[in-house]
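Residue-level structure breakdown
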Amino acid sequence: MIEIKRIFDFPYYLKETYNLEKAFSTKYGGEWLSISTEEYIDKANAMSRGLLKLGVKPNDKIAVISTNNRTEWNILDIGVLQLGAQNVPIYPTISAEDYEYILNHSESVYCFISDKEVLEKVNEIKSNTNVKKVFTFDFIPGEAHWEEVLKIGEDTSNQEEVETLKKSVKPEDLATLIYTSGTTGKPKGVMLSHNNLVSNVIDSEKRVPFEKGKSRALSFLPICHVFERMILYLYQYCGVEIHFAESIEQMSFNIGEVKPTVMTAVPRLYEKVYEKIIAKGAALSGIKKGLFFWAVNLGLKYEPYGQNGSWYEFQLKIARKLIFSKWKAGLGGKLDLMVSGSAALQPRLTRIFAAAEMPIMEGYGLTETSPVISVNDMRNGGFRIGTVGRVIDHVEVKIAEDGEILCKGPNVMMGYYKDPEKTAEVMTGDYFHTGDIGEIDADGFLKITDRKKEMFKTSGGKYVAPALIENQFKQSRFIEQIMVIGEGEKMPAALIQLNFEFVKEWAKRHDIVFQSDAEMVQNETLLERIQEEIDTANKKFGKWEQIKKFEITPDIWSIEGGHLTPTMKLRRRVIKEIYQDLIDKIYRS
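Residues numbered from 1 in each chain as written. Predicted model: local features only at pLDDT ≥ 70, side-chain atom pairs only at ≥ 80, totals over all residues. Heavy atoms only, no water.

**Section: the overall build of the protein**
Rule in force here: Helix and strand labels come from DSSP, where a helix needs a run of H or I of at least four residues and a strand needs a run of E of at least two; each type is numbered from the N terminus. It is over C-alpha atoms that the radius of gyration is taken, and the globule rule equals 2.2 Å times the number of residues to the power 0.38. Only protein chains enter the area calculation, which uses a 1.4 Å probe; residues under 20% of their type maximum are buried, those over 50% are exposed, and those in between are partly exposed. In this description, accessible areas are obtained by the Shrake-Rupley approach with a 1.4 Å probe, and a residue is regarded as covered only by the protein chains that are shown.
Secondary structure assignment for the protein yields 21 helices and 27 strands. Taken over C-alpha atoms, the radius of gyration comes to 25 Å for the protein, in line with the 25 Å a tight globule of 589 residues would show. On the principal axes, the C-alpha backbone points of the protein span a range of 75 × 55 × 50 Å. In the protein, which comprises 589 residues, the proportion classed as buried is 57%. Carbon together with sulfur atoms contributes 51% to the accessible area of the protein, which is approximately 25400 Å² in total.

Okay, structure coming up:
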């Protein structure tokens, strides 16, 4: 049996244990194309041989920038790592200036990119870097295609050299530099070793109830994010067929085609799925509508392990048969596990999807922890709503005096690349400071209460935890995004981005006509309705935490607009800068 010690051991273990016909599937020109485990390994070895002939040496950095997840990414990844070189994934949505910074900071020698759009940004800054050549995954006239490297690697005469290099790679060696999307300042290069990621896969596997060798996954979260990347290694470890969604926009169509048994997502995507389901229910009429919302209200009261008693379970059985089974069918019909990470998941979503027999197992971690620290597991009483589960094996968590979560274990990064000072700021001995505030209950479940850096004091000296408040307010169908402000001010307030789609539907039902989005955000009837939503949500909080004033922003908060990070977290500093006039209106008018 192959012992997995380095990341590139996963494909060989996959071949020996499951040898899948469809290890990876990607859609090209409207058709799904699959490769077997054997083809995956053969192409990865050809990539290693080709890169060697291009002069790639151990510890060289190879950058990869891909708009969508695809088979090529994984072949390249293994091909690079087998040489003792490092894969440097870059978020496609960041600016050309950030591309330049990362390519230079990492000293990347080659760059593999997906498409024309990324190529245009790379070409803007390529001459300011030491990148020798750019290869493309898509066929782009006049550009070097990645298959040129595979072609060079068809000559197997240097395979022995590849084998020698593979043997020389140690578990503690650097495998990848992952540049954090960062809500402030320049991105930091997180150094993760083979052992960081391998240990995290093996220790997380015990929490995931896959039917090994038979499960099917749909992957659409950016593979450049450590959460999805680790999950792809985990799928290989468990013999899961991996299908790559064409895009987030095509996700619902691809779900119908692939019929996955498992998928991973960030909370915002689960929120969007839920909103679409609710919108469909709202469009029903009569008994059908009544039944739909009876099931929803029942689902929102869900507790695991029959804690609500036999009468509730009896009603739930009926709701599942009449209503929730249709939800499941709409998501391919086979989905029995979803995983959530990157930000806090609203407890109502945890409840409703578990009630619909598509439980979302919320986990917790950071890029610096490879990433998983803890995760829920439906089995053995390991699922508790409102928590991020119990800490995984071999990882230790302690809560500092100020409430910060500290983490120690084989998953903790090697440090920040070329930045010993920033590394020292987040390490106390072997403990990594997560920057999150949390608590561990009597049964060992970890609960996150806020980001340490995001908490602020009002001028009255009261602490406010914005993430908690924001999560509550986002349960309103009127609110797409919200950011709580008020540091050093007399009261908390909020900037709100409306759910424009829902608001337009609502306006139609109330015979309200908006000539433009700018007019919409100033409509008195709408503002009064939003105030009602604020008043309802405020009841959940202490007087000092309640939102006293709000302003609606006229545009959509997006990754491209700089409002959100690539993992859809708020860039608080940027949002404040963009809407400084609205903040002044709240506090200075």
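**Considerations on the side chain of Thr176**
Worth spelling out the cut-off: Counted as a polar contact is a pair of N or O atoms within 3.5 Å, where, for protein atoms, one must be capable of donating a hydrogen and the other of accepting one, and residues adjacent in sequence contribute only when both atoms are in side chains. Residue contacts are defined here by distance: any two heavy atoms, one from each residue, within 4.5 Å place the two residues in contact.
With respect to the helices and strands, the residue Thr176 is situated in strand β8 (residues 174-179). When its relative accessible area of 0% is taken as the criterion, Thr176 is described as buried. Within the local environment of Thr176, its side chain forms a polar contact with the side chain of Arg229, the two groups lying 2.8 Å apart. Not counting residues within four places of it along the chain, the set of residues in contact with Thr176 comprises Gln86, Asn87, Pro89, Val190, Met191, Leu192, Leu197 and Arg229.

**Concerning the pattern of salt bridges**
Heads up, the condition is: The salt bridge criterion pairs a side-chain nitrogen of Lys or Arg with a carboxyl oxygen of Asp or Glu, the two atoms within 4 Å.
Taken as a whole and assessed by the stated rule, the structure comprises 31 salt bridges. With its nearest N and O atoms 3.7 Å apart, the salt bridge here joins Lys57 to Asp60. A relative accessible area of 13% places Asp60 in the buried class. The partner of Arg320 in a salt bridge is Glu357, and the shortest N-O contact between them spans 3.9 Å.

**What about the packing of helix α13 (residues 310-330) against helix α14 (residues 347-355)?**
The test is simple: Note on definitions: angles span 0 to 180 degrees between N-to-C directions of axes, and those axes are lines fitted to C-alpha atoms, for helices only across the stretch in contact. Roughly parallel refers to an angle under 35 degrees, roughly antiparallel to one over 145, roughly perpendicular to one between 65 and 115, and oblique to any angle outside these ranges. Note on residue categories: nonpolar means Ala, Val, Leu, Ile, Met, Phe, Trp, Tyr, Cys or Pro, charged means Asp, Glu, Lys or Arg, and polar means any other residue, Gly included.
The interhelical angle for the contact between α13 and α14, taken along N-to-C directions, is 100°, at an axis separation of 9 Å. Our classification of the angle between α13 and α14 gives roughly perpendicular. Contacts from Leu316, Arg320, Phe324 and Trp327 in α13 reach Ile352, Ala354 and Ala355 in α14. For the contact of α13 with α14, the residue count by class is six nonpolar, no polar and one charged.

**A word on the nonpolar core**
Heads up, the rule is: We define a nonpolar core as any set of buried Ala, Val, Leu, Ile, Met, Phe, Trp, Tyr and Cys residues linked to one another through side-chain atoms lying within 4.5 Å.
Ranked by size, the top nonpolar core spans 126 residues in total, and within it Phe112, Phe210, Tyr235, Phe324, Trp327 and Phe353 carry the most contacts. Sort the elements by how many residues they give to this core and helix α9 (residues 226-237) lands first, with nine residues. Discounting chain neighbours no more than four positions away, the residues touching Phe324 are Ala295, Val296, Gly299, Leu316, Ala319, Ile352, Ala355 and Ala356. Of all hydrophobic cores here, the second largest spans 28 residues; its members include Phe456, Phe514, Ile534 and Ala537.

**Some remarks on the packing of helix α1 (residues 9-17) against helix α2 (residues 37-53)**
Applicable threshold: Handedness of a helix crossing follows the sense of rotation of the near helix relative to the far helix, less than a right angle counterclockwise being left-handed and clockwise being right-handed.
Axis separation between α1 and α2 bottoms out at 9 Å; the angle between their running directions is 150°. Viewed along their axes, α1 and α2 adopt a mutual orientation that is roughly antiparallel. α2 is crossed by α1, and the crossing has left-handed handedness. Counted together, Pro11, Tyr12, Leu14 and Lys15 of α1 and Thr37, Glu38, Tyr40, Ile41 and Asn45 of α2 form the full contact between these two elements.

**Let's talk about the environment of Val198**
Along the polypeptide, Val198 turns up in helix α8 (residues 194-205). Setting aside residues no more than four positions away along its own chain, Val198 makes contact with Ile4, Lys5, Arg6, Ile7 and Phe10.

**Side note on a nonpolar patch on the surface**
For the record, the criterion: Here the term patch refers to residues with relative accessible area over 30% and no salt bridge, with like charges joined within 9 Å and nonpolar side chains (Val, Leu, Ile, Met, Phe, Trp, Tyr) within 5 Å.
Nonpolar side chains collect at one region of the surface, where Ile287, Leu291, Trp311, Phe314, Ile318 and Leu322 lie side by side and expose about 620 Å² of accessible area between them. Secondary-structure elements contributing two or more residues to the nonpolar patch are α12 (286-299) and α13. With four residues, the top contributor of residues to the nonpolar patch is α13. Examined against the element boundaries, Leu291 turns out to sit in helix α12.

**Quick notes on the environment of Ala400**
Tracing the chain through its elements places Ala400 in the loop between β17 (396-399) and β18 (404-408). Separated by 37 residues in the primary sequence, Ala400 and Ile437 have C-alpha atoms spaced 9.0 Å apart.

**Examining helix α17 (residues 500-509)**
Selection criterion: Directions are taken from the helix axis to each C-beta atom, and the arc is the one they span.
Considered for burial, the residues of α17 that qualify are Phe500, Phe502, Val503, Trp506 and Ala507. Relative to the axis of α17, the buried residues are bounded by an arc of 160° and lie together on one face. Facing away from the buried side of α17 by more than 90 degrees, the exposed set consists of Glu501, Lys508 and Arg509. The elements touched by buried residues of α17 are β26 (493-498), α18 (517-520) and α19 (524-538). With its phi angle positive at about 55°, Asp511 sits one or two positions after the end of α17.

**Observations regarding the sheet that holds strand β2 (residues 31-35)**
Our working definition: A pair of strands counts as paired when DSSP detects no fewer than two bridges linking them.
An order of β2-β1-β11-β10-β12-β13-β14-β15-β16 is seen for the nine strands of this open sheet, with the pairing classed as mixed. Two strands in the sheet have a free side with no partner beyond their single neighbour: β2 and β16 (390-391). Most of the contacts of helix α11 (residues 267-282) go to strand β12 (residues 262-265), to which it runs at about 110°, and overall it touches β12, β13 (337-340) and β14 (360-365).

**Overview of the sheet that holds strand β25 (residues 479-485)**
Within the open sheet, the three strands sit side by side as β25-β26-β27. Their pairing is mixed. Edge positions in the sheet fall to β25 and β27 (549-552), since each has one partner strand and no second. Recorded for the sheet is a direction-independent mean angle of 25° between the axes of neighbouring strands. Of the strand pairs in this sheet, β26 and β27 are connected by four bridges, and their pairing is parallel. Of the residues in β27, the one forming a bridge with Leu495 is Glu551.

**Describing the pairing of β14**
Threshold: For crossovers, right-handed means that the path from the first strand over the helix to the second runs clockwise, given strands pointing away from the viewer.
In terms of residue burial, β14 counts as a mostly covered element, since five of its six residues are buried. In this structure, β13 lies alongside β14, joined through three bridges in parallel fashion. Looking at the pairing, Met338 lines up with Ile360 of β14. For the segment spanning β13, α14 and β14, crossover handedness is right-handed. Two successive antiparallel strands, β14 and strand β15 (residues 372-375), enclose a turn made up of six residues, where Ser370 displays a positive phi of approximately 70°.

**Here's the deal with α11**
Here is the rule we go by: Each residue after the first adds 1.5 Å to the expected span of a helix.
Given a rise of 1.5 Å per residue, 16 residues ought to cover 22 Å, and the 22 Å separating the end C-alpha atoms of α11 matches this to within 8%. Buried within α11 are the following residues: Pro267, Arg268, Leu269, Tyr270, Glu271, Val273, Tyr274, Glu275, Ile277, Ile278 and Gly281.

By themselves, these are just geometric observations and shouldn't be taken as functional.
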